Amino acid sequence: MKDISCKLLVIGAGPGGYVCAIRAGQLGIDTVIVEERKPGGTCLNVGCIPSKALIHAAEEYDRIVHLASGQNPLGIRTTRPELDLSQTIAWKDTIVGRLNSGVSGLLKKSKVKMVQGRARFRDGKTVEVETETGRQIIRAENVVIATGSAPVELPSLPFGGTVISSTEALSLTSVPDKLVVVGGGYIGLELGTAFAKMGAKVTVVEAQARILPQYDAELTRPVSKRLQALGIDVMTRAKARGMAKAGGALLVETESGSEVSLAADRILVTVGRRPVTQGWGMEELVLDRDGPYIWIDEKCQTSMRGIYAIGDVTGEPMLAHRAMAQGELVAEIIAGHKRVWDKRAIPAVCFTDPEIVAVGLTSDEAQKSGSEIRVGHFPFAANGRAMTKLGEEGFVRVVARADNHLVLGIQAVGQGVSELSAAFGLAIEMGARLEDIAGTIHAHPTQGEAFQESALKSLGRELHI
């Protein structure tokens, strides 16, 4: 094969990589992107998109089951539904396929050359790609490492057979009767909740003192309440020790030190993700590390000139939209624009039931930073739109400086609050003060009114509570 020379080479076509390549192409930069599998990375293929499809299907099924029970105030009666999970998975796959094609089309539109294969560094400017037809050498002035992350495997529970990762969970064609989820973080609870709604008996095993430890207890309390209502057993301060000798069960060490056996058709291990730093020739480079991650500066540049890194391989938060923002930033820096990375307004969304959104600082984090703060808290139980949707659980909370009322953070938990994340992020990005939010006319009746009311409450001007 004829060698390729380019100004920018992107390794990995996940959310960060493909956005970087598209933006670079728009800016007239000669760009090549290498991807071993389908474009879109974990998020599009085996993460964000397919999991949300499964969650939506589970919610629809559970809603009809609830209506069929006759125990609802809406006056709707129906028969109990049936679920064909194989058809659900096929529908999910069509969505993934459409988005795969869309990404490929956008790369082509931006005149980005796509090379399919496994990339490996020879040195800081040269990469060898093993393709189906041979070896392709690519030389680049600038390289972006966007290799992403992979599920963490427990030594005592290696993946295979009964033990699955989120990837396999999203391709199951039948609902397991008994599902044990090891790890009470957002991935485990999102999928565990979905399968519980579809009829599985779910048990969650979490080593820490409570579920979703990355969020404060006030935010997670409505989620815990809903898990209980769905019949999901949650074991905290419990450790998975491995499979029982006879198979078909997980051995768990409880908080008291005793050992229990949990029968399981499937064991879903969701104890975190690790950066993919092996298999692409990192040993040929001299890159500083930040723990297990690649160290980057405020411009996403590594310790080697001309080599950038973005997304999960650079650390937390491992979020697709963080990777996308970093990818766009790097493309513009290479094009000569002045850009620096600012992580203050990255929304984190947990698609549990109810959903959780957090942007910026919590009240505890703000206080630790030395600021005197004001906190406004408005419950959805006092919001008309939430009432009409049978979604009164949860609240919106605004954290601001006490002296100048600058908004430092916004959090919410409730039905459908993921759709408020854009407003929350925009408020912090634009440097909004409490008066700005309180003075913005919010449409009635919407759940967004709770955002305005939380700002009003922090100013002592609450109207509807």
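Let me begin by describing the structure that accompanies this report. (Residues numbered from 1 in each chain as written. Predicted model: local features only at pLDDT ≥ 70, side-chain atom pairs only at ≥ 80, totals over all residues. Heavy atoms only, no water.)

Side note on the nonpolar core
Item 1. Core analysis: the largest hydrophobic core is formed by 53 residues, its most contacted members being Leu9, Ile138, Ile145 and Val330.
Item 2. Residue contacts for Val330: discarding those within four places in its chain leaves Cys20, Val144, Lys299, Cys300, Tyr308 and Ile310.
Item 3. Counting 34 residues, the second-largest nonpolar core is a separate cluster that includes Ile55, Ile89, Val181 and Leu189. (Core = buried A, V, L, I, M, F, W, Y, C linked by side-chain atoms within 4.5 Å. Buried < 20%, exposed > 50% of the residue type's maximum accessible area, 1.4 Å probe, protein only. Contact = heavy atoms within 4.5 Å.)

So, the packing of aromatic side chains
Item 1. By the definition in use, this model includes 2 aromatic pairs.
Item 2. With 4.9 Å between their ring centres and 65 degrees between their planes, Phe424 and Phe451 make a pair best called edge-to-face. Of this pair, Phe424 sits in helix 11 (residues 421-429) while Phe451 sits in helix 13 (residues 449-458), and the two are 27 residues apart along the sequence.
Item 3. Phe424 gets classed as buried once you look at its relative accessible area, which sits at 0%.
Item 4. With a relative accessible area of 6%, Phe451 lands in the buried category. (Phe/Tyr/Trp six-rings, centres within 6.5 Å; stacked < 30°, edge-to-face > 60°. Helix = DSSP H or I, 4+ residues; strand = E, 2+ residues; numbered from the N terminus.)

A closer look at helix 11
Item 1. Considered for burial, the residues of helix 11 that qualify are Ser421, Phe424, Gly425, Ala427 and Ile428. An end-on view of helix 11 places all buried positions within 155 degrees of arc, on one side of the element. Relative to its buried face, helix 11 has exposed residues pointing more than 90 degrees away, namely Ala422, Leu426 and Glu429.
Item 2. Packing partners of the buried residues in helix 11 comprise strand 20 (348-350), strand 21 (355-360), strand 23 (394-401), strand 24 (407-414), helix 12 (434-438) and helix 13.
Item 3. At the exit of helix 11 stands Gly431, carrying a positive phi of roughly 70 degrees. (Arc of directions from axis to C-beta.)

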